[in-house]
Amino acid sequence: MEHEYELLLEKSRERNDFIKRQMKYLGKFNMKNFDHVVADFHEEAFALIDCLKCGNCCRTIGPKMNEPDIKRACKAFGLDQKRFVAESLVRDEDLGWMVAVMPCPFLRDDNACDIYDVRPRDCDDFPYTRERGIQRALGRLAFNTEFCPAAYLIAEKIIERYAPGITK
Ligand code: SF4
Ligand code: SF4
């Protein structure tokens with residue numbers, strides 16, 4: 001991972017308790033156009049962060065894979081579906097199938113994804129900052145700031161906009 005991104009994650013971990021508290025606090029208000037504002041922050045953060053120089057989510061957080069995701073990935077990669085499920089996935093009671101082997105078996109050394117065009121929806125959505133109803137999911141965003149430098153930048157932008165003056 002790019003050194004600059006490691007430093008961002010270091011800072012994110014130092015500030016994690018504060019970020020969690022702020023996200024919990026902001027989750028209580030009804031903020032107008034919040035989804036759109038956060039989607040703009042998402043674009044701004046990913047204009048600065050290049051996932052190909054990071055790959056940390058693919059190394060640390062196993063994505064969810066639903067049945068169509070599994071089918072598509074196996075077809076694209078020529079894998080036997082039963083064997084792939086048995087060897088690489090684990091069933092979570094609430095979330096369903098998840099990649100169990102980290103780093104993800106589809107991650108290449110250069111941080112590219114071997115099945116990028118047919119990657120699981122969960123991978124495409126991460127860190128979930130373009131979704132509707134993001135205000136209800138600020139706790140998840142706070143959690144993801146520990147792994148994703150872009151999520152950290154987005155969380156800081158939210159705090160700067162909606163809770164300025166509170167710095168720690
Ligand atoms: S499927 Fe691709 S994008 Fe998803 S975690 Fe694995 S390497 Fe990353
Ligand atoms: S989504 Fe976040 S953690 Fe994943 S590669 Fe991009 S910047 Fe890194």
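Residues numbered from 1 in each chain as written. Chains lettered and ligands numbered in written order. Predicted model: local features only at pLDDT ≥ 70, side-chain atom pairs only at ≥ 80, totals over all residues. Heavy atoms only, no water.

## Some remarks on the overall build of the protein
We apply this condition: Helix and strand assignments come from DSSP, with helices taken as H or I runs of at least 4 residues and strands as E runs of at least 2, each series counted from the N terminus. Both definitions apply: the radius of gyration is a C-alpha atom measure, and the globule rule equals 2.2 Å times residues to the power 0.38. To sort residues, take the accessible area from a 1.4 Å probe on protein chains only and compare it with the maximum for the residue type: under 20% means buried, over 50% means exposed, and anything in between is partly exposed. Where accessible areas are quoted, they stem from the Shrake-Rupley method and a 1.4 Å probe; at the residue level, only the protein chains shown are allowed to cover. A positive count includes Lys and Arg, and a negative count includes Asp and Glu. His and the chain ends are not counted in either. Note on charges: their place is set at NZ of Lys, CZ of Arg, CG of Asp or CD of Glu.
When you go through the protein residue by residue, the secondary structure sums to 9 helices and 2 strands. Its C-alpha atoms give the protein a radius of gyration of 17 Å, near enough to 15 Å, the size a compact globule of 168 residues would have. Within the protein, the fraction of its 168 residues that count as buried is 42%. By element, 50% of the accessible surface of the protein is carried by carbon and sulfur atoms, the whole surface being about 10,200 Å². For the protein, the separation between the mean place of its 27 positive charges and that of its 29 negative charges on side chains is 5 Å.

## Concerning the packing of aromatic side chains
Our working definition: Aromatic pairs are defined between Phe, Tyr and Trp rings, using the six-membered ring for Trp, whenever the two ring centres lie within 6.5 Å; interplanar angles under 30 degrees are classed as stacked, those over 60 as edge-to-face, and all others as tilted. Consider the ring centre and the ring normal. A charge sits over the ring if Lys NZ or Arg CZ is within 6 Å of that centre and within 35 degrees of that normal.
In the structure shown here, the tally under the stated rule is 6 aromatic pairs. Relative to Phe 29, the ring of Tyr 25 has its centre 5.1 Å away and its plane inclined at 75 degrees; by these criteria the two rings are edge-to-face. Relative accessible area serves as the criterion here: at 37%, Tyr 25 is assigned to the partly exposed category. Note on Phe 29: relative accessible area 40%, which makes it partly exposed. Every member of this aromatic cluster is reached through a ring pair, and the members are Phe 77, Phe 84 and Phe 106. Sitting above the plane of the Tyr 116 ring, Arg 119 keeps its charged end 3.8 Å from the centroid.

## Describing the domain arrangement of the protein
Put simply, the test is: Just so you know, the domain bounds were taken from an automatic or database domain assignment. Residue contacts are defined here by distance: any two heavy atoms, one from each residue, within 4.5 Å place the two residues in contact. The term buried area denotes the loss of accessible surface (1.4 Å probe radius) that occurs when two parts are joined, taken as the sum for both partners. In what follows, salt bridge is the name for a side-chain nitrogen of Lys or Arg lying within 4 Å of a carboxyl oxygen of Asp or Glu. Polar contacts, as used here, are pairs of N or O atoms within 3.5 Å; protein pairs need one atom able to donate a hydrogen and one able to accept it. Residues neighboring in sequence count only if both atoms are side-chain atoms. All residues other than Ala, Val, Leu, Ile, Met, Phe, Trp, Tyr, Cys, Pro, Asp, Glu, Lys and Arg, Gly among them, are scored as polar; the first ten of these are nonpolar and the last four charged.
You can read the domains of the protein as domain 1 (3-52 + 127-162) and domain 2 (62-125). Taking only C-alpha atoms into account, the centre of domain 1 sits 25 Å from that of domain 2. Contacts between the two partners involve 7 residues from domain 1 and, on the opposite side, 6 residues from domain 2. Counting the surface lost from both domain 1 and domain 2, the interface buries some 460 Å², and carbon and sulfur atoms represent 32% of this. At the surface where domain 1 touches domain 2, the tally comes to 0 salt bridges. Run the count over domain 1 and domain 2 and you get 4 residue pairs in polar contact (both at pLDDT 80 or more). The class makeup of the residues in the side of domain 1 that touches domain 2 is 4 nonpolar, 1 polar and 2 charged.

## Examining the pairing of strand β1 (residues 89-92)
As a reminder, the rule being used: Paired strands, as defined in this entry, are two strands with at least two bridges between them according to DSSP.
Two strands pair when backbone bridges link them, and β1 and strand β2 (residues 96-99) are joined in this way by 4 bridges, in the antiparallel orientation. Paired with Arg 91 across the bridge in β2 is Trp 97. Linkage of β1 to β2, two consecutive antiparallel strands, is achieved through a turn of 3 residues.

## Comments concerning the site of ligand 1
Basically, it comes down to this: We define proximity as follows: a residue is near a molecule or strand when any one of its heavy atoms falls within 4 Å of that partner.
Near ligand 1 you find Cys 58, Pro 63, Cys 104, Phe 106, Leu 107, Cys 113, Ile 115, Pro 120 and Cys 123, and these make up its full shell. Grouping the amino acids of the shell around ligand 1 by side-chain chemistry returns 9 nonpolar, no polar and no charged.

## Some points on the environment of Asp 50
Within the element layout of this structure, Asp 50 appears in the loop between α3 (34-48) and α4 (56-60). On a C-alpha basis, the gap between Asp 50 and Met 102 in space is 21 Å, while along the polypeptide they are 52 residues apart.

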